[in-house]
Amino acid sequence: MYHQEGETNRDLYNNSPHFSEKTGIFIDNYQLMLKMGMFVEMDYGKDVKIDLVDKKILAIVGKNCRTSHLQIAKMAGIGKDTVRYRLDQLQKKQLYRGNILIVNPFRLPHMVLVSVLIKVNTLNVPEEAKVIEYFSTHPFVAWASLLQGPYDFNVFITALGTKHMDQILKDIKATLKTNIKKMKVLHISKMDVCKTIPSKFEKQLKLRPKKPRLDTSFAPLLTTPECSSEDGPVPLDSTDLKILLATVDTAHLHFQEISSLTGLSSDIIKYRITKLIEKNVIMSFRGSINLSYLKYHGHAAFIRISPGVTEKKRNEIRQYFMQSEHITYVFESVLSPFDFQVFIISQDPYDLNSIMNDIRTRFSDAIEDYEMNLILNDFKFTHIPEGIRELLSKK
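Computed from a predicted structure; not experimentally measured. (Residues numbered from 1 in each chain as written. Predicted model: local features only at pLDDT ≥ 70, side-chain atom pairs only at ≥ 80, totals over all residues. Heavy atoms only, no water.)

A. Representation of the layout of surface pockets in the model. Taken as a whole, the largest pocket spans an internal volume of roughly 680 Å³. In terms of lining residues, the largest pocket is bounded by 31 residues, among which Lys63, Asn64, Glu202, Leu222 and Arg286 are the most central. Of all elements in the fold, only α3 (52-63), β5 (180-194), α8 (199-205) and β7 (282-289) reach the threshold of two or more residues within the lining of the largest pocket. Of the residues assigned to the lining of the largest pocket, the class counts are 15 nonpolar, eight polar and eight charged. Here the second largest pocket defines a volume of roughly 500 Å³. (1 Å grid on protein atoms, 1.4 Å probe; cavity = no way out; pocket = protein on both sides within 12 Å on 5 of 7 lines; lining within 4 Å. Points joined across faces, edges and corners; volume = space filled by probe spheres on them. Helix = DSSP H or I, 4+ residues; strand = E, 2+ residues; numbered from the N terminus. Nonpolar A, V, L, I, M, F, W, Y, C, P; charged D, E, K, R; others polar.)

Shown next, in the form of structure tokens:
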């Protein structure tokens, strides 16, 4: 968080004329990002009234946003018309904020993915807004977060090849110039976990199990989303790319709606999506849920593994993260300052402390160091950013 010289973060929060008591963030940033429609998490502590039925619906669409209203009704134990009404209300309350296609980036041609950690010098609020706008509108930024902790920003950047990535990173440094106090680049090699909501939330709801049958949700074909740079790209033709680009931020669309956007028949769309799942190009269809309205808050832990730790021990750590009820995303990196980037969802500081103590105790012989950051908000999130879409559309 930026602050003026002599001010602490707490002073800035309390005294800045730009601070909004309603939203818990600076009003300039709020108006900017609300206009862009890019908020994933905000309004910490805001009291949004929802009941058990709302929570069940959010858990279902958070896991698979292509689940039909009829299936949601059966799983939640309510009527189909109620589902339609509830979804509309959840969207109006900004609890349910969109539908994201989760794509394996390493299956796309020449894709390179890095996570950039940035600590800035002391800046005033308008300058902070400029940095946020820069990353929000950057054509190759897939995911960008405002942090509180050792770093101020975490930005995921995609590029087609290492040369392209090097140029993007140079451009970022040139644009921010002297504002960068510290910048670390993590070269992402694996994504082990990819969830919208923590498993703990879903388990508490005791949803009725869905019968395993192939329908427009493709649920039986979807496995635990994980991917590696070792996967390598797969051939994608113009039809595959049309479907991916039409649904990347609208993963819930019916076949007829995708057909109207692409000019492809529903049968072809269904067949191609099935094949893209089988090739591990499409990994899941996620509803974007505002966890802070559910009294959950995100933290990004950057973990460095001690030199000499065996691959067997690394795999134990990996499996622990994959099975955790509190973790939503896990990225691994190579030739980088940290080995794991872990997104932890907790309900309060004591909950977070318990989660981290368990990790540190279990793997005390493997973890050399870690740094923890509170995620204040995610102001951009997509799996195929605009610049990559444009490049792919030309292929």
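Picking up where we left off.
B. Region of interest: the packing of aromatic side chains. In total, this model carries 21 aromatic pairs according to the counting rule given. When the ring of Trp143 is compared with that of Phe381, the centres are 4.9 Å apart and the planes differ by 65°; the resulting orientation is edge-to-face. With Trp143 in strand β3 (residues 141-148) and Phe381 in strand β11 (residues 367-381), this pair connects stretches of sequence that are 238 residues apart. In this structure, Trp143 and Phe381 share a single accessibility class: buried. Clustering of aromatic rings is evident, with ring pairs tying together Trp143, Phe156, Tyr329, Phe331, Phe343 and Phe381. Above the face of the Tyr293 ring, Arg97 is positioned so that its terminal group lies 5.5 Å from the ring centre. (Phe/Tyr/Trp six-rings, centres within 6.5 Å; stacked < 30°, edge-to-face > 60°. Buried < 20%, exposed > 50% of the residue type's maximum accessible area, 1.4 Å probe, protein only. Lys NZ or Arg CZ within 6 Å of the ring centre and 35° of its normal.)

C. Here's a closer look at the packing of helix α9 (residues 238-247) against helix α11 (residues 266-278). The interhelical angle for the contact between α9 and α11, taken along N-to-C directions, is 90°, at an axis separation of 10 Å. In terms of their interaxial angle, α9 and α11 are classed as roughly perpendicular. Contact with α9, carried on its side by Thr239, Asp240, Ile243 and Leu244, involves Ile268, Ile269, Arg272, Ile273 and Leu276 of α11 and no other residues of that element. Split by residue class, the contact of α9 with α11 holds six nonpolar, one polar and two charged. (Axes fitted to C-alpha atoms, helices over the stretch in contact; angles between N-to-C directions. Parallel < 35°, antiparallel > 145°, perpendicular 65-115°, else oblique. Contact = heavy atoms within 4.5 Å.)

D. Expanded view of unusual backbone geometry. Located in the positive-phi region is Gln94, a residue other than glycine, with phi close to 65°. Structurally, the position occupied by Gln94 is in the loop between α5 (80-92) and β1 (96-103). Judged by its relative accessible area of 30%, Gln94 is partly exposed. Even without glycine at this site, Lys295 takes up a positive phi of about 70°. Mapped onto the fold, Lys295 is located in the loop between β7 and β8 (297-305).

E. Local environment of the environment of Met356. In this fold, Met356 is placed in helix α13 (residues 349-362). With a relative accessible area of 5%, Met356 lands in the buried category. Once the C-alpha coordinates of Met356 and Ala301 are considered, the two residues, 55 residues apart in sequence, prove to be 9.2 Å apart. Setting aside residues up to four positions removed in sequence, Met356 forms contacts with Ile344, Tyr370 and Met372.

F. Broad picture of helix α12 (residues 311-323). Here α12 is 13 residues long and its end C-alpha atoms lie 18 Å apart, about the 18 Å a rise of 1.5 Å per residue gives. All of the buried residues along α12 are Lys313, Arg314, Ile317, Arg318, Tyr320, Phe321 and Met322. Each element contacted by the buried residues of α12 is listed here: β5, β8, β9 (327-334), β10 (340-346) and α13. (Expected span 1.5 Å × (residues − 1).)

G. Molecular detail of the packing of α3 against α5. Here α3 crosses α5 at 85°, and the two axes come no closer than 10 Å. As the angle between them shows, α3 and α5 are arranged roughly perpendicular. Together, Val53, Asp54, Ile57, Leu58 and Val61 of α3 and Arg86, Leu87 and Leu90 of α5 make up the contact between the two elements. For the contact of α3 with α5, the class distribution of residues is six nonpolar, no polar and two charged.

H. Seen up close, empty space enclosed by the protein. Within the structure shown, the criterion is met by three cavities of 30 Å³ or more. Counted as a void, the second largest cavity has a volume near 170 Å³. Lining the second largest cavity are 15 residues, with Pro105, Leu113, Ala142, Thr382 and His383 sitting closest to its centre. Only β2 (111-120), β3 and β4 (153-160) provide two or more residues apiece to the lining of the second largest cavity. Partitioned by chemical class, the residues of the lining of the second largest cavity number 11 nonpolar, four polar and no charged.

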